[in-house]
Amino acid sequence: MDGRQARWDRHNEQRRQQILDAAIAVVEAAEPGAEFHVQQIADEAGLNRTVVYRHFSDRADLDRAIQAEILVHVTALLVPQVSLDGTVNEIIHRIISTYVDWAVEHPALHRLAEYDSTGGPGPLQNGIHQIAGVLVEILETVVGMLEVDLDDGERAAIDPLAYALVGAVFGAVRRWASREQREPSAAQLSDILSRSVWHLLDGHASRLGVDLDPDVPIEQLLGLAEAGAGAGEAVAE
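**Side note on the overall build of the chain**
Along the backbone of the chain there are 12 helices and 0 strands. Ordered by position from the N terminus, the helices and strands of the chain form the series α-α-α-α-α-α-α-α-α-α-α-α. In the chain, which comprises 237 residues, the share counted as buried stands at 37%. When contacts within the chain are restricted to residue pairs at least 6 apart in sequence, those whose partners lie at least 24 apart make up 68%. Accessible surface computed for the chain: about 13200 Å², of which carbon and sulfur atoms make up 51%.

Here it is as structure tokens:
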């Protein structure tokens, strides 16, 4: 690839992003679920309508690209929240409230990301695996550091359990956001969903003989577990 081709490719990438940024602005300015037109996007981007279609094969291709761009925005917010920083309660609430707050602040984007023109699941649904994948890694890390004794079936269930947790939260928020009257409040919804996730995790932990204090920082819990293991080894020696 010569320099001229590289510059042309960068130009096309920048122009495509310019169109997607304009599309996001057009969607945000409208009511949730409202129809929007390519001409509106072209006007917002300061481009001719034909230029828009040079970067997308058809309207369906453009719509999919817009939905994918929304997903980029959502995951950019959510993925950093899925970490071991803070207490169990703080971690759960941080992740859930971030998503709920985004849905409240961007209702039109949230609505558009829910549905796919082909009748299948929308990008928001398809994007669950990105968040769940990070959660799986964290759960496996915690299980390993706590030295929880899992059989093969229980260990294999970590993946679908993580997907179930994330999917349930996404589904609850989508249902709540679609209702004419958004009750309970966003803050209360985040609290209720956070408690629900905690009770599920605590139930599994208790069954496996793991005592989790939701108000103790994860790093401290893991440190105590390592200290306990070290003491046990010392006694055995």
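Next comes the rest of the description.
**A few points about the pattern of salt bridges**
Side-chain pairing between opposite charges can occur once the charged atoms of the two side chains come close. Scanning the model with the defined rule gives 3 salt bridges in all. The shortest N-O distance in the salt bridge between D63 and R59 comes to 2.8 Å. Of this pair, D63 and R59 both sit in helix α4 (residues 59-78), 4 residues apart, roughly one helical turn. Judged by relative accessible area, which is 27%, R59 ranks as partly exposed. The salt bridge involving D61 is made with R64; its shortest N-O contact spans 4.0 Å.

**Description of α4**
Given a rise of 1.5 Å per residue, 20 residues ought to cover 28 Å, and the 29 Å separating the end C-alpha atoms of α4 matches this to within 8%. When α4 is considered as a whole, its buried residues turn out to be L62, A65, I66, Q67, E69, I70, L71, V74, T75 and L78. Where α4 starts, the residue carrying a side-chain oxygen 3.2 Å from the main-chain nitrogen of A60 turns out to be D58.

**A look at the packing of helix α5 (residues 88-105) against helix α6 (residues 107-114)**
At a minimum axis separation of 5 Å, α5 and α6 run at an interaxial angle of 105 degrees. One way to sum up the angle between α5 and α6 is to call them roughly perpendicular. Along the contact surface, α5 presents Y99, W102, A103, V104 and E105, while α6 presents P107, L109 and H110. Considering only residue class, the contact of α5 with α6 consists of 6 nonpolar, 1 polar and 1 charged.

**Focus: the packing of aromatic side chains**
Two numbers describe a pair of aromatic rings. These are the distance of the centres and the angle of the planes. Scanning the entire structure with this criterion turns up 1 aromatic pair. Here Y99 and F170 contribute two aromatic rings whose centre-to-centre distance is 4.4 Å and whose plane-to-plane angle is 20 degrees, an arrangement assigned as stacked. Taken together, the residues span a long stretch of sequence, with Y99 in helix α5 and F170 in helix α10 (residues 158-178) at a distance of 71 residues. Under the relative-accessibility criterion, F170 is labelled buried at 5%. Sitting over the face of the ring of F36, R59 holds its NZ or CZ atom 4.8 Å from the ring centroid. For R182, the ring lying beneath its charged end belongs to W176, and the centroid distance is 5.3 Å.

Criteria and thresholds
Residues numbered from 1 in each chain as written. Predicted model: local features only at pLDDT ≥ 70, side-chain atom pairs only at ≥ 80, totals over all residues. Heavy atoms only, no water. Helix = DSSP H or I, 4+ residues; strand = E, 2+ residues; numbered from the N terminus. Buried < 20%, exposed > 50% of the residue type's maximum accessible area, 1.4 Å probe, protein only. Contact = heavy atoms within 4.5 Å. Areas by Shrake-Rupley, 256 points an atom, 1.4 Å probe, with all protein chains shown as cover. Salt bridge = Lys/Arg side-chain N within 4 Å of Asp/Glu carboxyl O. Expected span 1.5 Å × (residues − 1). Polar contact = N/O pair within 3.5 Å; in protein donor to acceptor, adjacent residues only side chain to side chain. Axes fitted to C-alpha atoms, helices over the stretch in contact; angles between N-to-C directions. Parallel < 35°, antiparallel > 145°, perpendicular 65-115°, else oblique. Nonpolar A, V, L, I, M, F, W, Y, C, P; charged D, E, K, R; others polar. Phe/Tyr/Trp six-rings, centres within 6.5 Å; stacked < 30°, edge-to-face > 60°. Lys NZ or Arg CZ within 6 Å of the ring centre and 35° of its normal.

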